Amino acid sequence: MHNVVIIGSGCAGLTAAIYAARANLKPLVIDGYEPGGQLTLTTMVENFPGFPEGILGPELIERMRTQAQRFGAEFRAGAVTDVDLGRRPFRITAAKETYPAKTLIVAAGASARMLGLEAERKLMGHGVSTCATCDGFFFRDKEIAVVGGGDTAMEEAIFLTRFASRVHLIHRRREFRATKIMLDRAHANEKIHFMTPVVLEDISDPNKNSVETLSLKDAETGKISELPVSGVFVAIGHEPNTKVFKSILDMDENGYLKTHSGSKTNIKGVFAAGDVQDHHYRQAVTAAGSGCMAAMDAEKYLELSGH
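Since the structure is predicted, the reported quantities are computational estimates derived from the model, not experimental observations. (Residues numbered from 1 in each chain as written. Predicted model: local features only at pLDDT ≥ 70, side-chain atom pairs only at ≥ 80, totals over all residues. Heavy atoms only, no water.)

A. How the structure looks around unusual backbone geometry. Cis peptide bonds are those with omega within 30 degrees of zero, and the linkage from Arg-88 to Pro-89 qualifies with -10°. With respect to the secondary-structure elements, Pro-89 resides in the loop between β6 (80-84) and β7 (90-94). Although it is not a glycine, Lys-96 sits at a positive phi angle of roughly 65°. Tracing the chain through its elements places Lys-96 in the loop between β7 and β8 (97-106). (Helix = DSSP H or I, 4+ residues; strand = E, 2+ residues; numbered from the N terminus.)

B. The arrangement of the packing of helix α5 (residues 151-160) against helix α6 (residues 180-188) in detail. For the pair α5 and α6, the least separation of the axes is 9 Å and the interaxial angle reads 30°. In this view, α5 runs roughly parallel relative to α6, as classed from their interaxial angle. Once α5 is placed against α6, the crossing between them reads as left-handed. Residues Asp-151, Met-154, Glu-155 and Ile-158 of α5 form the contact with α6, whose participating residues are Met-182, Leu-183, Arg-185 and Ala-186. In terms of residue class, the contact of α5 with α6 is built from 5 nonpolar, no polar and 3 charged. (Axes fitted to C-alpha atoms, helices over the stretch in contact; angles between N-to-C directions. Parallel < 35°, antiparallel > 145°, perpendicular 65-115°, else oblique. Left-handed = near helix turned anticlockwise from the far one by under 90°. Contact = heavy atoms within 4.5 Å. Nonpolar A, V, L, I, M, F, W, Y, C, P; charged D, E, K, R; others polar.)

C. Region of the structure containing the packing of aromatic side chains. Tallied over the full model, the rule gives 7 aromatic pairs. Residues Phe-137 and Phe-138 carry aromatic rings whose centres are separated by 6.2 Å and whose planes lie at 80° to one another, so their mutual orientation is edge-to-face. Centre to centre, the rings of Phe-271 and Tyr-301 are 6.3 Å apart; their planes meet at 70°, and the pair counts as edge-to-face. One end of the pair, Phe-271, is in strand β19 (residues 270-272); the other, Tyr-301, is in helix α7 (residues 284-304), and 30 residues separate them in sequence. Each member of the pair, Phe-271 as well as Tyr-301, is classed as buried. The rings of Phe-137, Phe-138, Phe-159 and Phe-163 are connected pair by pair, giving a single aromatic cluster. Over the ring of Phe-71 we find Arg-22, and its NZ or CZ is 5.5 Å from the ring centre. (Phe/Tyr/Trp six-rings, centres within 6.5 Å; stacked < 30°, edge-to-face > 60°. Buried < 20%, exposed > 50% of the residue type's maximum accessible area, 1.4 Å probe, protein only. Lys NZ or Arg CZ within 6 Å of the ring centre and 35° of its normal.)

D. Representation of the packing of helix α1 (residues 11-22) against α7. Packing of α1 against α7 brings their axes to within 7 Å, and their N-to-C directions diverge by 40°. In terms of axis orientation, α1 runs oblique to α7. As α1 runs across α7, the sense of the crossing is right-handed. In this structure, α1 uses Cys-11, Ala-12, Thr-15, Ala-16, Tyr-19 and Ala-20 to contact α7, whose residues at the interface are Ala-284, Ala-287, Ala-288, Gly-291, Cys-292, Ala-295 and Met-296.

E. Here's a closer look at the side chain of His-168. Looking at the element boundaries, His-168 is found in strand β12 (residues 166-170). Owing to a relative accessible area of 4%, His-168 belongs among the buried residues under this scheme. A polar contact is formed between the side chain of His-168 and the side chain of His-193, at a distance of 2.9 Å. Residues in contact with His-168, not counting those within four places in the same chain, are Glu-143, Ile-144, Ala-145, Val-146, His-193, Met-195, Leu-227 and Val-229. (Polar contact = N/O pair within 3.5 Å; in protein donor to acceptor, adjacent residues only side chain to side chain.)

F. Geometry of the environment of Asn-189. With respect to the element layout, Asn-189 can be found in the loop between α6 and β13 (192-195). Exposure remark for Asn-189: the relative accessible area of 19% places this residue in the buried category. In this structure the C-alpha to C-alpha distance between Asn-189 and Ala-157, which are 32 residues apart in sequence, comes to 9.5 Å. Setting aside residues no more than four positions away along its own chain, Asn-189 makes contact with Ile-158 and Thr-161. In this structure the side chain of Asn-189 is engaged in a polar contact, spanning 3.0 Å, whose partner is the backbone nitrogen of Lys-191.

G. Expanded view of the pairing of β12. Among the 5 residues that make up β12, 4 are buried, leaving the element largely enclosed by the rest of the structure. In terms of handedness, the path from strand β11 (residues 143-147) via α5 over to β12 forms a crossover that is right-handed. As judged from the 4 bridges shared by β12 and β13, these two strands associate in the parallel manner. Residue pairing in the sheet places Val-167 in a bridge with Ile-192 of β13. In this fold, the crossover linking β12 to β13 by way of α6 has right-handed handedness. (Right-handed = clockwise from strand over helix to strand, strands pointing away. Pairing = 2+ DSSP bridges.)

H. Representation of the sheet that holds β12 in the model. Across the sheet, which stays open at both edges, the 5 strands sit in the order β10-β17-β11-β12-β13 with parallel pairing between neighbours. Here the strands that pair on one side only, and so sit at the sheet edges, are β10 (128-129) and β13. Here β10 pairs with strand β17 (residues 231-234) via 2 bridges, running parallel. From the neighbouring strand, Ser-129 faces β17, where its bridge partner is Phe-233. Across the sheet, α5 touches β11, β12, β13 and β17, and the angle it forms with β12 is around 165°.

I. Up close: the state of the cysteines. Enumeration over the complete set of coordinates arrives at 1 disulfide. Covalent S-S linkage joins Cys-131 and Cys-134, the inter-sulfur distance amounting to 2.1 Å. Judged by the sign of its S-S torsion, about 75°, the cystine formed by Cys-131 and Cys-134 is right-handed. Taking the relative accessible area as the measure of exposure, Cys-134 reaches 23% and is therefore partly exposed. The closest cysteine sulfur to the non-disulfide-bonded Cys-11 is located on Cys-134, 10 Å from its own sulfur. Considering cysteine sulfurs only, Cys-11 is the nearest to Cys-292, which forms no disulfide, with 13 Å between them. With a relative accessible area of 14%, Cys-292 lands in the buried category. (Disulfide = S-S within 2.5 Å.)

In structure tokens, the structure reads:
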């Protein structure tokens, strides 16, 4: 029987593990689909407090993991395939093992939607990014591209004009999903160059481990053209990893878990932290903060319920 089971091993899950372990709750962390979360896809993290020189994303995650283990957190590989939260103890199934738990912290994160190109996967963290606030700084005075047509794409493009000399906004349709206010702001920014209806076909050059040119196709004429850029930001949205909780935990229309009074969900003893419930900030430091809240809420719950 586990006092706390934590689903997810990104910033939120690992911070929850550190706090729960220090409270002597011996938490069990189930790594999830993307062990280490989205930070493992970034190279240099320069906005996490306490690292003036910056730190590599995977290294930051590794340090947090070691810290949690030092205080007694246990780790298991695998993704959660089933949960039974209708009885006590809760039962969480991952990699064909079932773990009984008194409390559950869901920190399963959200995965950035990708275009599905082979080169995009190979160049992730080497010129391809899904986070402007994380990586924009590295493209000072360079030409870059943003792919997408919603508010996220507009926000990212506008933010990136602080650094880049020019931002090419690529969208496969003439119409945009973005709200009028965001679209107007993007249009008013002289550094943003709209390219529609255009499809990103390929990114080169994975062999050089850097982004050099984009292969673009005009969606109406089929004509192929090349665009030299130093970076590509994919901004076509995120998908919270919450499928296994459908019709069990309260979610918004996009599948993000709803929390109240800190990290509490609609089921007593179940808490949520990080990008799985935050589609607004999505930063390592806010995820860590909410992981801390969830662990403290779980500890309080165990105390009050006499476990």
